[in-house]
Amino acid sequence: MIRVVHLITGLNTGGAEMMLAKLVAGLDRAQFASHVVTLLDEGPLAERVRAAGVPVDSLGLARGAVDPRALWRLARLLRRVRPQVVQTWLYHADLLGLVAARLAGTGRVVWNLRCSNMDFSHSGRLTRCTVAACARLSRLPEAVVANSRVAVDVHRALGYRPRRVEVIPNGFDLERFAPDPAAREAVRAGLGVPAQAPLVGMAARFDPQKDHATFLRAASAVAQARPDAHFSLLGDGTGPDGAGLTALVREAAPGLRLHRLGRRDDVARVLAGLDVAVLSSAYGEGFPNVVGEAMACAVPCVVTDTGDSAEVVGGTGRVVPPRDAQALAGAVLGLLALPAGERQALGQAARQRVGERFSLPAVVRQYAALYRLVAG
């Protein structure tokens, strides 16, 4: 039995967090004993992880705070659990997990890089210092996992010099994320979208990285050419009470038929209701989960050329430059102009691509093989 402790900032509904939840649920419990530890409060995915039979602990750090006591709490937990592998997710967990494992004298550390060309002007001083420290210490972990090749190149440019690198993409559950005509009808009816009206959506937290401003400007241009079009936003901070998004909508797309859904537990149903899925990220993407999820639902995607987004989509969607609202609008309009049969065929090709390259069982097997290797 290989014991693996996973350390992550929190268990909110971001891409890294979702992949962690899928991984611990997918690992063979006869061979792997998983234990998840969060730096901050647990977050909404904690119950999903526990439901998979995996314990969750929190170090109780406050966001942006430096508390040496958290390091000692983590070291004590590692001495108690005695894992063979300590898998860390995201920069702060990478640094803290490495130091704590050394203090505890147990667990071989594997880092996990989940982003690429970050714009650190949007990050706090603590994050910038953490990344710099990780670069200097990057020879110490047994291995570094990245979810995209772009992430490897970007971090090498930042000074990372790992001993071993493994590129393991995100994996997707093709049973959960699948075309669903009944869900499509129900979602659209619930939003008041007519059966023949196009629905274009983006699932992403409200964050500068995701560049909702470009999405909204592009949506406004699409609406001028297609007055019947509806648009939806899904993710933390996109609900009706999101003040930052409200101001942005007022400035960039007043009068838009926009459905602000906020955080939802039925992401697969919502994605299945779309005609086109968009990801307008300006920077920092590694392998965006939501693109693979939409593709698995047989929805063609328009993405910006950040991280491995273009590689994920391949020929099944459209790729445009970041921060180019006109190009984004043109790509969306191009997909909407296709005959329904052609757009459906493109969506089916997207689903097939996910099944062939990014199925969840195949990705779990790659992690399992790495953990066996690291554990010796």
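The coordinates are above.
Asker: So what about the overall build of the protein? Which residues, and what values?
Answerer: In terms of helices and strands, the protein carries 15 helices and 13 strands. Since a compact globule built from 376 residues should have a radius of gyration of about 21 Å, the 21 Å found for the protein is in line with a globular shape. For the protein, the C-alpha atoms occupy an extent of roughly 65 × 40 × 35 Å along the three principal directions. Going through the 376 residues of the protein one by one, you find that 56% of them count as buried. A separation of at least 24 residues holds for 71% of the contacts in the protein among residues at least 6 apart in sequence.

Asker: Describe the sheet that holds strand β11 (residues 276–279), and please don't skip the residues or the numbers.
Answerer: Pairing within the open sheet is parallel, and its six strands lie in the order β10-β9-β8-β11-β12-β13. Of all the strands in the sheet, the pair left with one neighbour each is β10 (258–262) and β13 (318–320). Going from strand to strand, the sheet's axes swing by 20° on average, the running direction of each strand aside. Two elements, strand β9 (residues 230–234) and β10, share four bridges in a ladder whose sense is parallel. Within the sheet, the bridge partner assigned to Phe231 lies in β10 and is Leu258.

Asker: Provide a residue-level description of the pairing of strand β8 (residues 199–203), including the pertinent values.
Answerer: Among the five residues that make up β8, five are buried, leaving the element largely enclosed by the rest of the structure. Of the strand pairs in this sheet, β8 and β9 are connected by five bridges, and their pairing is parallel. Counted as the bridge partner of Met202 is Leu233 from β9. A crossover connection joins β8 to the parallel β9 through helix α8 (residues 212–225); in handedness this β-α-β unit is right-handed. The sheet contact formed by β8 and β11 spans two bridges and is parallel. Bridge pairing in β11 links Gly201 to Ala277.

Asker: Before we move on, could you go through the pattern of salt bridges and cite the residues and values that matter?
Answerer: The full count for this structure, using the stated rule, is 15 salt bridges. Of the charged contacts, one joins Glu285 and Lys210 as a salt bridge, the two residues approaching to 2.5 Å between their closest N and O atoms. Of the two residues, Glu285 is situated in the loop between β11 and α11 (289–296) and Lys210 in the loop between β8 and α8; the sequence distance between them amounts to 75 residues. Residue Arg353 is joined to Glu311 by a salt bridge in which the shortest nitrogen-to-oxygen separation is 3.8 Å. Residue Arg353 is located in helix α14 (residues 340–357), and its partner Glu311 is located in helix α12 (residues 309–313); the two are separated by 42 residues in the primary sequence. With a relative accessible area of 15%, Arg353 lands in the buried category. Since its relative accessible area comes to 43%, Glu311 is described here as partly exposed. Sharing partners across several salt bridges, the network here consists of Arg184, Arg188, Asp275 and Arg343.

Asker: Any chance you could break down the packing of aromatic side chains for me, citing the residues and the numbers?
Answerer: If you walk through the whole model with that rule in mind, you get six aromatic pairs. Considering the side-chain rings of Phe287 and Phe358, the 5.0 Å spacing of their centres and the 85° angle between planes classify their relative orientation as edge-to-face. Taken together, the positions of Phe287 in the loop between β11 and α11 and Phe358 in the loop between α14 and α15 (360–375) put the pair 71 residues apart, joining distant regions of the chain. Of the two residues, Phe287 and Phe358, both sit in the buried class. Pairwise contacts between aromatic rings join Phe32, Trp89, Tyr367 and Tyr371 into one cluster.

Asker: I'd like a rundown of unusual backbone geometry, residues and numbers included.
Answerer: Phi is positive for Arg82, which is not a glycine, with a value near 50°. Of note, the phi angle at Arg323 is positive, near 60°, even though the residue is not glycine. As for its position among the elements, Arg323 is in the loop between β13 and α13 (325–337).

Asker: Tell me about a nonpolar patch on the surface, residues and numbers included.
Answerer: A surface patch of nonpolar side chains, about 260 Å² in accessible area, is lined by Trp72, Val99 and Leu103. Following the sequence through the fold, Trp72 ends up in helix α3 (residues 68–81).

Rules behind the numbers
- Residues numbered from 1 in each chain as written.
- Predicted model: local features only at pLDDT ≥ 70, side-chain atom pairs only at ≥ 80, totals over all residues.
- Heavy atoms only, no water.
- Helix = DSSP H or I, 4+ residues; strand = E, 2+ residues; numbered from the N terminus.
- Rg over C-alpha atoms; globule rule 2.2 N^0.38 Å.
- Buried < 20%, exposed > 50% of the residue type's maximum accessible area, 1.4 Å probe, protein only.
- Contact = heavy atoms within 4.5 Å.
- Pairing = 2+ DSSP bridges.
- Axes fitted to C-alpha atoms, helices over the stretch in contact; angles between N-to-C directions.
- Right-handed = clockwise from strand over helix to strand, strands pointing away.
- Salt bridge = Lys/Arg side-chain N within 4 Å of Asp/Glu carboxyl O.
- Phe/Tyr/Trp six-rings, centres within 6.5 Å; stacked < 30°, edge-to-face > 60°.
- Patch = residues over 30% accessible without salt bridge, like charges linked within 9 Å, V, L, I, M, F, W, Y side chains within 5 Å.
- Areas by Shrake-Rupley, 256 points an atom, 1.4 Å probe, with all protein chains shown as cover.

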